[in-house]
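# Summary of the model geometry
These are the residues of each chain, in order.
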Amino acid sequence: MRTGSEPTTARSPLRMRLWLSVWGLIWAIAGTAAFAVVGRPGWAAACGVLWLIVTVDLAVVLRHIRQGPHYQPGRDIPPYQPPRHGHT
């Protein structure tokens, strides 16, 4: 059921983002190593930069997951109610 408050009550899919980051990290490491071995320093550097970005994203995701239900509520926690402006 849509209530119109979805942007304020949305929950981040952190666990999915965690596994996508792990997958990206594996490919970035493999790409860096493979391009370095075949002598393509430009592509190896690009994969190295991607590796750094994915590592930072992974750290942010893990931090948010560890912060608990405020950032990653479980299925047993109902969505936050939107603020009711103008009502007392």
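The text that follows walks through the structure, step by step, so that each part is easy to find.

### A closer look at the packing of aromatic side chains
What the rule picks out here adds up to 2 aromatic pairs. Where W23 meets W27, the ring centres are 5.9 Å apart and the plane angle is 70 degrees; that geometry is what we call edge-to-face. Taken together, the residues span about one helical turn, with W23 and W27 both in helix α2 (residues 14–37) at a distance of 4 residues.

### A word on the nonpolar core
Counting 7 residues, the largest nonpolar core is built from L14, L18, L25, V54, L58, V61 and I65. Where this core is concerned, the elements lending two or more residues are α2 and α3 (41–66). Among the elements that make up this core, the one with the highest residue count is α3 (4 residues). If near-sequence neighbours (up to four positions away) are discounted, L18 is found in contact with L58, V61, L62 and I65.

### Describing the pattern of salt bridges
Any two side chains of opposite charge can pair, on the condition that their charged atoms come close. Applying the stated criterion across every chain, the model contains 1 salt bridge. A salt bridge links R17 to D57, with the shortest nitrogen-to-oxygen separation between them at 2.6 Å. With R17 in helix α2 and D57 in helix α3, this pair connects stretches of sequence that are 40 residues apart.

### A look at α2
For α2, spanning 24 residues, the distance from its first C-alpha to its last is 34 Å, which sits close to the expected 34 Å at 1.5 Å a residue. Residues of α2 that are buried: L14, L18, S21, G24, L25, A28, G31 and T32. On its buried side, α2 packs onto α3. A positive phi of about 80 degrees marks G39, the residue just after α2.

### Points about α3
The α-helix advances 3.6 residues per turn, and as a result positions three or four apart in sequence lie on the same side. Helix length check: α3, at 26 residues, gives a terminal C-alpha distance of 37 Å against a target of 38 Å (1.5 Å per residue), a fit within 8%. Looking only at α3, the buried set comprises A44, C47, V54, L58, V61, H64 and I65. Elements that come into contact with the buried residues of α3 comprise α2.

Reading guide: rules and limits
- Residues numbered from 1 in each chain as written.
- Predicted model: local features only at pLDDT ≥ 70, side-chain atom pairs only at ≥ 80, totals over all residues.
- Heavy atoms only, no water.
- Phe/Tyr/Trp six-rings, centres within 6.5 Å; stacked < 30°, edge-to-face > 60°.
- Helix = DSSP H or I, 4+ residues; strand = E, 2+ residues; numbered from the N terminus.
- Core = buried A, V, L, I, M, F, W, Y, C linked by side-chain atoms within 4.5 Å.
- Buried < 20%, exposed > 50% of the residue type's maximum accessible area, 1.4 Å probe, protein only.
- Contact = heavy atoms within 4.5 Å.
- Salt bridge = Lys/Arg side-chain N within 4 Å of Asp/Glu carboxyl O.
- Expected span 1.5 Å × (residues − 1).

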